[in-house]
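Each chain is listed here by its residues.
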Amino acid sequence: MCCAAAQEKAVVKSAIDDFNSFTCLEFVERTNEADYINIVKDGGCWSEVGRSGGKQDLSLSDDCVYVSIIFESLSYTSGKTSQTTGLCKKVGVVFSLIR
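We now turn to the structure provided with this report.

Definitions and cut-offs
Residues numbered from 1 in each chain as written. Predicted model: local features only at pLDDT ≥ 70, side-chain atom pairs only at ≥ 80, totals over all residues. Heavy atoms only, no water. Salt bridge = Lys/Arg side-chain N within 4 Å of Asp/Glu carboxyl O. Helix = DSSP H or I, 4+ residues; strand = E, 2+ residues; numbered from the N terminus. Buried < 20%, exposed > 50% of the residue type's maximum accessible area, 1.4 Å probe, protein only.

## Describing the pattern of salt bridges
Within this structure, the stated rule accounts for 4 salt bridges. Taking the shortest distance from any N to any O, the salt bridge between Lys41 and Glu8 comes out at 2.9 Å. With Lys41 in the loop between strand 2 (36-40) and strand 3 (45-47) and Glu8 in helix 1 (residues 2-22), this pair connects stretches of sequence that are 33 residues apart. Overall, the relative accessible area of 14% leaves Glu8 in the buried class. The closest approach of N and O atoms between Lys13 and Glu29, which form a salt bridge, is 3.9 Å. Taken together, the residues span a long stretch of sequence, with Lys13 in helix 1 and Glu29 in strand 1 (residues 26-29) at a distance of 16 residues. Overlapping salt bridges bring together Glu8, Lys41 and Asp62 as one network.

## Some details on the environment of Leu60
Along the polypeptide, Leu60 turns up in strand 4 (residues 55-60). For Leu60, a relative accessible area of 1% corresponds to the buried category.

Encoded structure:
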């Protein structure tokens with residue numbers, strides 16, 4: 001079980017690195033940010049679209065832990081879709097699902 005969780009965390013970090021490289025947003029591991037993404041396993045791949053303020057859950061079930069899916073989920077979570085521009089900021093991320 002330990003190894004699967006470590007592999008999932010590595011995939012999530014890889015997707016975040018890609019997202020940070022290809023967009024003007026920067027996801028960082030959370031320290032004390034008031035607004036942040038909390039990655040959980042809660043029945044599928046989902047999140048609210050756009051910034052909701054405070055803690056915002058992003059669910060990545062086992063079938064969602066692929067760089068391309070996570071990248072797309074981060075896009076929707078941040079509100080950065082093909083129709084939006086100019087969303088440049090730093091976003092905290094909590095790796096609570098990945099032990």
